[in-house]
Amino acid sequence: MMSMEQRCWFVRKVIYWRAAASTAWAVLLLPPTTAVFVILCKFSLLHPIQAISECLSLLTSINGIFTFILLSGVILIIGFLNLKYYTVIPAIACSKIALLGHLLHPRHFVNSLVHCIMGTIMAWCCVVTIGFRYETLTHPCMQNEGYPQMCLNEYHLILLLAGAFAGLCHSMLGVIHSMNYVPFHTVQQYKYLRFKGALPLVVKCSITQALYFVRNYIVLYFFLGDIPRAWTCSTLNLQLNSSVHPLDSLAGLLDLTLLYHLWISATFIFFTWNITLLLFRIFVTEVFSFPVQSSFTEDARQCLPKVLAEKEPMILKFLALQDLALLSQHSPSRRLEVFSLSQPGGHPHNWKAISNECLSLLADLTQRLVAYHDTVATNGRAKSMSSGSEQNTSSETSAVGIEELMSPRPTPLMKTPASVFARSIAGGPHSPMTVPFTPDLDSPFASPVLRHLAAPVEQCSPWYGSVQSPHVMRRGPKLWSTSTDLVNGSPPASPASVPSAKQEPTKPSFLTQFLQNRKEQVKNFLAKRVLIMYLFNKLPEASSQALFADSQAHIWALEGLSYLVQASFTEDHFGVVQTTLPSILNCLLALQEVVDRHFKLPHASSKPTRSTSSMGDATYKTLRFALRATLKTAIYRITTTFGDHLNTVQLSAEHRKRLQQFLEYKE
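Residues numbered from 1 in each chain as written. Predicted model: local features only at pLDDT ≥ 70, side-chain atom pairs only at ≥ 80, totals over all residues. Heavy atoms only, no water.

Caption draft 1: Region of interest: the overall build of the protein chain. When helices and strands are counted, the protein chain shows 27 helices and 2 strands. A buried classification covers 44% of the 667 residues belonging to the protein chain. Summarising the internal contacts of the protein chain: among those between residues at least 6 apart in sequence, 78% fall at separations of at least 24. Taken as a whole, the protein chain presents about 35,100 Å² of accessible surface, with 63% of it coming from carbon and sulfur. (Helix = DSSP H or I, 4+ residues; strand = E, 2+ residues; numbered from the N terminus. Buried < 20%, exposed > 50% of the residue type's maximum accessible area, 1.4 Å probe, protein only. Contact = heavy atoms within 4.5 Å. Areas by Shrake-Rupley, 256 points an atom, 1.4 Å probe, with all protein chains shown as cover.)

As structure tokens, then:
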């Protein structure tokens, strides 16, 4: 495993420099952005030349330079927050209460506080830039007593509070829409082209977000505006000008000039922050090329096979998988390094490490999907356990492990029906069992689950010597009939007739029963409350989206494996890929089976609508569709390359039948 020092080397030498470059470009884009903001604030159709001269004098004045320095500092802090809170796997809340927990998390509270402060600073810069009646917080006024006093300038205050509220809204939208999620683009482009293509979307999102912000802020200030106004007056010992309408009234808020300045200031704040976020995403997700192998020992752990096996940081693993996918498609010279043998020894270490890591990723996803399906089935959806159906054995297959799916092994012949195992696993020891019969396991219709369960138990196996679960029990061969029993005429022994030692269930105590009843009563009481159900009910599609939140890594693993297998048909001179081809096919077909099963669940096939009012990237919501398409394409890529040669690959009967569908282009 890569040491902490080497992982920090990658973050320090690559990620930090990319983040610094993105922040530097955001600062360089600040002068033209500020110039556009000044023009929009001060431009006049009646006096255009005078307005332009005022804008130029403001931008070159001491106040303009100081404002630019403050805005640059804000950009630096926002860039640091982007680096601190970014993620390549979005956190998806599956219920309203979970989303509320994300919003109230101390980590996000600190982020919101910093954004509020930065928003207030940017709002002050906007106030100084606009000038006019917004320039100062206080102004002299004449009261009824006849002598001048210092009064509060509420126009200045309302813009400062608007900046703080803009920071709060931006940070909350960041949690709700997962704006800290850094997506990887499937189409590789230069950074300039990506920025140019995304710039109109950033402008549109900023304008739309500012419009919603002004609406919400005006309503909030109408009801609660007197609180900050009174607190500011009491703290700074200021008076209220009685000759001016307060801004928390209809007459004060229905000021078109005020609404325009609020909207243009909010647009400037959101656009500046969104540009910083966009540049960070573009720079961080830039392709990084890892060496496949190195001649120096100290650089060996920075090569692609070693980096792929790392778990942290996740950006390193994602960049390595992205490089693998691009390598397998567009780099014949690097593919030859993957297929090469070690010297001395002649072992395919590079291919073995890369293929094992990709297969491990896909196997983990398969296990995760099967566990999710089993959880859904136990929550009220009945599972049909017909002994004649081969499609009902996916959950049983997961019980014996994914390794059996990827590497089938010959097993001793034992005549045991699949329905016995299926019903005993699903229903427990008290479920009814059918009378066993003796199917031939050499038949192509035999299930791989039977072969695995019929295999002898090794001494190092966790099943040896003790029963691990009351639902899955390993019995001796004397309980089941064999072909010799039928030849001798002896009837098959029924499992139900074999006596087994059963422990009598202990009766719970009175206190335990009382607490359990009270718990059920509380649950039933809360389940009838609309607010409780609204907060705790699962959001549609959220569970499915969370299940495939990291599927971009699996998509790259599928592309890398399939393209390498396809290229091995002509480029693999040593045949290193052919040794793992059965495992690859079994893994892909097993994953394809559980993915197809997942899309039969409710809400799994519905595509979410894309929101254009925020910078949150919604590609993670459709990753399951991209994974399904990539998986099917990967299998077709292999079958069209090898064709009928795949008939000699050792596969289970179930997978052989599914593979034949791909060979005949019927999937």
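Caption draft 2: A look at helix α14 (residues 332-339). Every buried residue of α14 is accounted for by Arg 334, Arg 335, Val 338 and Phe 339. Seen end-on, α14 carries its buried residues on one side only, within an arc spanning 145°. Of the surrounding elements, those touching the buried residues of α14 are α13 (314-330), α15 (349-378) and α24 (551-571). (Arc of directions from axis to C-beta.)

Caption draft 3: The nonpolar core, seen in detail. Counting residues in hydrophobic clusters, the biggest one holds 77 residues, and the most contacted among them are Trp 351 and Leu 646. Residues Phe 37, Val 74, Ile 78 and Phe 283 belong to the second largest nonpolar core, which totals 53 residues. (Core = buried A, V, L, I, M, F, W, Y, C linked by side-chain atoms within 4.5 Å.)

Caption draft 4: Summary view of unusual backbone geometry. Unlike most non-glycine residues, Ser 178 shows phi in positive territory, near 50°. The residue Asn 237 is not glycine, and still its phi comes out positive at about 55°. Following the sequence through the fold, Asn 237 ends up in the loop between α9 (226-236) and α10 (250-253).

Caption draft 5: Region of the structure containing the pattern of salt bridges. Throughout the structure, instances matching the rule amount to 11 salt bridges. The shortest N-O distance in the salt bridge between Lys 191 and Glu 286 comes to 3.2 Å. Taken together, the positions of Lys 191 in helix α8 (residues 191-224) and Glu 286 in the loop between α11 (256-284) and α12 (304-308) put the pair 95 residues apart, joining distant regions of the chain. With a relative accessible area of 31%, Lys 191 lands in the partly exposed category. (Salt bridge = Lys/Arg side-chain N within 4 Å of Asp/Glu carboxyl O.)

Caption draft 6: Region of interest: the state of the cysteines. If you walk through the whole model with that rule in mind, you get 0 disulfides. Free cysteine Cys 169: the closest other cysteine sulfur is in Cys 116, separated by 8.6 Å. The class of Cys 169 is buried, set by a relative accessible area of 18%. (Disulfide = S-S within 2.5 Å.)

Caption draft 7: A look at the environment of Ala 634. Relative to the helices and strands, Ala 634 resides in helix α26 (residues 623-642). Using a relative accessible area of 1% as the deciding quantity, one classes Ala 634 as buried. Residues Ala 634 and Ile 555 lie 79 residues apart in sequence; the distance between their C-alpha atoms is 9.7 Å. Apart from residues no more than four positions distant in its own chain, Ala 634 is found in contact with Leu 558 and Ser 562.

Caption draft 8: Fine view of the environment of Val 370. Mapped onto the secondary structure, Val 370 falls in helix α15. On the basis of relative accessibility, which here comes to 2%, the residue Val 370 falls in the buried class. Along the chain, Val 370 and Leu 591 lie 221 residues apart, while their C-alpha atoms are 9.6 Å from each other.

Caption draft 9: Representation of the packing of α13 against α15. Relative orientation of the contacting elements α13 and α15 amounts to 115°, with a least axis distance of 13 Å. What the angle tells us is that α13 and α15 run roughly perpendicular. Classified by chirality, the crossing of α15 by α13 is left-handed. On α15, the residues touching Lys 317, Leu 321 and Leu 324 of α13 are Ile 354, Glu 357, Cys 358 and Leu 361. For the contact of α13 with α15, a count of residues per class yields 5 nonpolar, no polar and 2 charged. (Axes fitted to C-alpha atoms, helices over the stretch in contact; angles between N-to-C directions. Parallel < 35°, antiparallel > 145°, perpendicular 65-115°, else oblique. Left-handed = near helix turned anticlockwise from the far one by under 90°. Nonpolar A, V, L, I, M, F, W, Y, C, P; charged D, E, K, R; others polar.)

Caption draft 10: Up close: the side chain of Asp 323. Examined against the element boundaries, Asp 323 turns out to sit in helix α13. Judged by its relative accessible area of 3%, Asp 323 falls in the buried class. For Asp 323, the side chain forms a polar contact with the side chain of Arg 334, separated by 2.9 Å. Residues contacting Asp 323, with those up to four places away along its chain left out, are Phe 288, Ser 289, Phe 290, Leu 304 and Arg 334. (Polar contact = N/O pair within 3.5 Å; in protein donor to acceptor, adjacent residues only side chain to side chain.)

Caption draft 11: Structural view of the packing of aromatic side chains. Throughout the structure, instances matching the rule amount to 21 aromatic pairs. Here the aromatic rings of Phe 37 and Phe 268 are separated by 4.7 Å at their centres, their planes lie at 20°, and the arrangement is stacked. With Phe 37 in helix α2 (residues 30-42) and Phe 268 in helix α11, the pair connects residues that are 231 residues apart, well separated along the chain. Seen in terms of ring centroids, Tyr 636 and Tyr 665 are 5.8 Å apart; in terms of plane orientation they differ by 5°. Their pairing is stacked. One end of the pair, Tyr 636, is in helix α26; the other, Tyr 665, is in the segment after α27 (653-663), and 29 residues separate them in sequence. The exposure class assigned to Tyr 665 is exposed, which follows from its relative accessible area of 56%. Taken together, the ring pairs connect Phe 165, Phe 213, Tyr 217, Tyr 221 and Phe 270 into an aromatic cluster. Its end group placed over the ring of Phe 283, Lys 191 keeps NZ or CZ at 5.4 Å from the ring centre. Residue placement shows Arg 637 over the ring face of Tyr 563; its charged tip is 3.8 Å from the ring centre. (Phe/Tyr/Trp six-rings, centres within 6.5 Å; stacked < 30°, edge-to-face > 60°. Lys NZ or Arg CZ within 6 Å of the ring centre and 35° of its normal.)

Caption draft 12: A nonpolar patch on the surface, seen in detail. A cluster of nonpolar residues, Val 219, Leu 220, Phe 222, Phe 223, Leu 224, Ile 227, Leu 250 and Leu 254, forms a patch on the protein surface that exposes about 810 Å² of accessible area. The biggest single contributor to the nonpolar patch is α8, with 5 residues. By secondary structure assignment, the location of Leu 254 is in the loop between α10 and α11. Given a relative accessible area of 65%, Leu 254 falls into the exposed group. (Patch = residues over 30% accessible without salt bridge, like charges linked within 9 Å, V, L, I, M, F, W, Y side chains within 5 Å.)

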